[in-house]
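# Descriptive analysis of the structure
Residue-level listing of the chains:
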Amino acid sequence: MSGLCRANRGNNNWFAAYAYWVLRLRGFAKVKLLDGGRKKWEMEGRDMSQQVIDYRRTGFTMTGQENPQFRALRGEVLERLGVLRPPGRRTVPGGVPGREAGAPSPAPGAGTGAGHIPGAANVPWAQAANEDGTFKSADELKELYARKGITPDREIIAYCRIGEPSSHTWFALHELLGYPDVKNYDGSWTEYGSPVRAPVEMG
């Protein structure tokens, strides 16, 4: 199991990727992401507006069901580390995702400190984006992740500090590259780094 994180505070479409992930998690199939987002739109000098659009009110009810193949929970991460290992099940060789090794969070939450989940592969999410905010080519993305042992034959869980930038990584791996077993751990370091005695690595 391999994993990813983010490194800088630029956006490069991460909020849109998070909204995309939430919709896919909740069962929406027809969802698209504007490659490059607002950043590229502005760079190309396209029209902008401050007009508030008044949409006709419609009715919609969320079912509450979600696609479990898109989301990892803390218990699953601990299970992969062998901390919570059910009888007869082996953990997958490799690591779970990690944020900057040994570095304090850029905006730490209460109860969280420095470190990363053991065995994590540090691939800053922003490295998947070009200067104009668009995603790099498939070949470039494959090479980027393969350098850290992240390949399509492995189980992958992406996380960061708050679960939003990691959805950008999830999008690159699952939606663009088509890697079959990729989840986003939206509890991320804010959740994982808080409990007492959760396994943590430094450096």
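Residues numbered from 1 in each chain as written. Predicted model: local features only at pLDDT ≥ 70, side-chain atom pairs only at ≥ 80, totals over all residues. Heavy atoms only, no water.

Another aspect to go through is helix H4 (residues 138-146). Among all positions of H4, only Leu 141, Leu 144 and Tyr 145 are buried. Angular distribution of buried residues about the axis of H4 spans 85°; they occupy a single face of the element. Among the exposed residues of H4, those oriented more than 90 degrees off its buried face are Asp 139 and Glu 143. Residues of H4 that are buried make contact with helix H5 (165-176). (Buried < 20%, exposed > 50% of the residue type's maximum accessible area, 1.4 Å probe, protein only. Helix = DSSP H or I, 4+ residues; strand = E, 2+ residues; numbered from the N terminus. Arc of directions from axis to C-beta. Contact = heavy atoms within 4.5 Å.)

Before going further, it helps to spend a moment on the side chain of Arg 24. With respect to the secondary-structure elements, Arg 24 resides in helix H1 (residues 14-25). Arg 24 gets classed as buried once you look at its relative accessible area, which sits at 17%. A polar contact of 3.3 Å, which involves the side chain of Arg 24, links it to the side chain of Glu 175. (Polar contact = N/O pair within 3.5 Å; in protein donor to acceptor, adjacent residues only side chain to side chain.)

Under the 1.5 Å per step criterion, the end-to-end length of H1 is 16 Å for twelve residues, consistent within 8% with the ideal 16 Å. Inspection of H1 places Trp 14, Ala 17, Tyr 20, Trp 21, Arg 24 and Leu 25 among the buried residues, and these make up the whole buried set. Seen along its axis, H1 keeps its buried residues to an arc of 130°; they face one direction. The inward-facing, buried residues of H1 abut H5 and strand S2 (182-184). Immediately downstream of H1, the backbone of Gly 27 shows phi near 100°, a positive value. (Expected span 1.5 Å × (residues − 1).)

As a further point, take the environment of Leu 78. Mapped onto the elements, Leu 78 comes out in helix H3 (residues 74-80). Exposure remark for Leu 78: the relative accessible area of 6% places this residue in the buried category. Considering only alpha carbons, one finds Leu 78 and Ile 117, 39 residues apart in sequence, at a separation of 9.4 Å.

Further remarks concern the pattern of salt bridges. In this structure the tally under the stated criterion is twelve salt bridges. Salt-bridge contacts for Glu 66 lead to Arg 71; the nearest nitrogen and oxygen are separated by 3.2 Å. Residue class for Glu 66 comes out partly exposed when judged on its relative accessible area of 30%. A salt bridge links Glu 76 to Arg 80; the nearest nitrogen and oxygen atoms lie 3.1 Å apart. Remark: Arg 80 and Glu 76 occur in helix H3; sequence separation between them is four residues, near one turn of the helix. (Salt bridge = Lys/Arg side-chain N within 4 Å of Asp/Glu carboxyl O.)

Mapped onto the secondary structure, Asn 130 falls in the loop between H3 and H4. With a relative accessible area of 28%, Asn 130 lands in the partly exposed category. Considering only alpha carbons, one finds Asn 130 and Gly 36, 94 residues apart in sequence, at a separation of 8.5 Å. Leave out the neighbours within four places in its chain, and Asn 130 touches Asn 12, Phe 135 and Lys 136. One polar contact links the side chain of Asn 130 to the main-chain carbonyl oxygen of Phe 135, over a distance of 3.1 Å.

Once that is clear, we can look at the confidence of the model for the protein chain. The pLDDT averaged across the protein chain works out to 79; a share of 77% of its residues lies at or above 70. Scored below 50 in pLDDT, residues 1-10 shows 64 contacts in the model against residues more than four places distant or in partner chains. Low pLDDT, under 50, characterises residues 84-108; the stretch is placed with 84 contacts to residues that sit more than four places away or in other chains. (pLDDT = per-residue confidence, 0-100.)

A separate point is the nonpolar core. If you look at the biggest cluster of nonpolar residues, it comprises 22 residues, and the most contacted ones within it are Tyr 145, Ile 150, Trp 170 and Leu 173. A total of four residues in this core trace back to one element, the largest contributor, which is H5. Beyond its immediate sequence surroundings of up to four residues, Trp 170 is in contact with Tyr 20, Trp 21, Arg 24, Phe 70, Glu 175, Val 182, Lys 183 and Asn 184. Judged by nonpolar contacts, the second largest core, of ten residues, contains Ala 72, Ile 117, Tyr 185 and Trp 189. (Core = buried A, V, L, I, M, F, W, Y, C linked by side-chain atoms within 4.5 Å.)

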